[in-house]
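Tertiary structure, described
Here are the chains, one letter per residue:
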Amino acid sequence: MASPCPVTILGGYLGAGKTTLINRLLRQADRRRLAIIVNDFGEIAIDADLIEARTRDTISIAGGCVCCAFGNDLLDTLRTLRDAAEPFDHVLIETSGVALPRNLLATVSLAPGFQVAGIVVLADADGIRRLAGDAYVGDTVRAQLDAADLVLLSKCDLPGAEALDEVEQWLGARVRAPILRTSAGDVPPEVLLGEHERASDPAPRQGAWRPFAHADARYGSAALQIDGPLDAQRLGAALAQLPVALLRAKGLVADASGALHAVQVVGRRWNTAPAPAHARGGGRLVAIWAGSGTDRDTLLAAIGAARIVPAPASPIRSVS
Ligand SMILES: Nc1nc2c(ncn2[C@@H]2O[C@H](COP(=O)(O)OP(=O)(O)OP(=O)(O)O)[C@@H](O)[C@H]2O)c(=O)[nH]1
């Protein structure tokens, strides 16, 4: 069975920085093949033109709000993407600024061949408190934040350091999701997309799984090889409950029969699926969290909790 294509739903109020983030991501996409679905609020499609991708990979659904009026159009679009000659590694849906991202969950889960990887919501550091308290739009803004698996506090270059700390604290008190500061859409692609196996990728060698290419002091990351069978569902649940602000994790783990399963975690959301048929190699996991310093022990504990049988010595070959 083919593995479902992960879909990231990108939300956030008007002007929060969604298009900026996507453009930055596309510049760093490397070999990943990304499809971007954009929804413009209003009859004229503007956002699609602002996205710096090849036209065939950017699909605009114009004329309203993707969360309510576009169930069928979105399904048709996903069907088209699924039937593309060359498969996509990841789909991003940029919702309109007034959309409620949670409403898209149902639509995407109706689309065969796709699976929601997470809802990422941008919150403008300079305006989110005012917007959330606004008599007219406050409801929408708060519902967007409540739906988030991961909140990106955007435009962190605008407020001063003290105001930024304050808004982050305020946000932390009202959302369940981890919060990550960004400016100019500067988020490692791994946070939004995770690493993806492709048919053309060479199988990773044992002991040679590489750390993230985008090493950055603001993030801690780990790349682990895992020997022995793991319960993918238990691993996903354990990772999503970690006390550290885990932003993104993605792994392939073998079950007791040796079959590989993909595990996807975005903030507190997780899911598992059969690994792509072309996936090779043993179990491995990459994880990225906010803040430097290793949370190696916490990660190892989550992996340990998912082991199906006690591994001989240590199930972990390398941590980087
Ligand atoms: N100072 C600053 N400006 C930013 C940042 N990110 C985006 N902007 C600006 O904010 C404005 C809106 O950014 P967009 O990326 O278009 O926001 P959007 O969420 O796609 O907007 P809608 O499509 O209206 O929902 C643009 O003028 C951007 O240049 C940032 O990190 N810092």
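In this text, all values refer to a predicted model and were calculated from it rather than measured experimentally.

Reading the values: rules and limits
Residues numbered from 1 in each chain as written. Predicted model: local features only at pLDDT ≥ 70, side-chain atom pairs only at ≥ 80, totals over all residues. Heavy atoms only, no water. Near = heavy atom within 4 Å. Polar contact = N/O pair within 3.5 Å; in protein donor to acceptor, adjacent residues only side chain to side chain. Areas by Shrake-Rupley, 256 points an atom, 1.4 Å probe, with all protein chains shown as cover. Helix = DSSP H or I, 4+ residues; strand = E, 2+ residues; numbered from the N terminus. Nonpolar A, V, L, I, M, F, W, Y, C, P; charged D, E, K, R; others polar. Buried < 20%, exposed > 50% of the residue type's maximum accessible area, 1.4 Å probe, protein only. Pairing = 2+ DSSP bridges.

**Concerning the site of the ligand**
Near the ligand you find 15 residues, and of these K18, T19, T20, D157 and A184 are the closest. A distance of 3.1 Å is found between an oxygen atom of the ligand and a backbone nitrogen or oxygen belonging to A16. At 3.1 Å from an oxygen atom of the ligand is found a side-chain nitrogen or oxygen belonging to K155. In the complex, 66% of the free accessible area of the ligand, which totals 650 Å², lies under the protein chains. Here the element with the most residues in the shell around the ligand is helix 1 (residues 18–27); it accounts for three residues. Partitioning the shell around the ligand into residue classes produces four nonpolar, six polar and five charged.

**Concerning the pairing of strand 1 (residues 5–12)**
With eight of eight residues buried, strand 1 is to be regarded as a mostly interior element. Alternating positions in strand 1 separate into two faces, C5, V7, I9 and G11 on one and P6, T8, L10 and G12 on the other, with burial throughout. As judged from the eight bridges shared by strand 1 and strand 5 (residues 114–124), these two strands associate in the parallel manner. Opposite T8, over in strand 5, you have G118 as the bridge partner. With four bridges joining them, strand 1 and strand 4 (residues 90–94) adopt parallel strand pairing.

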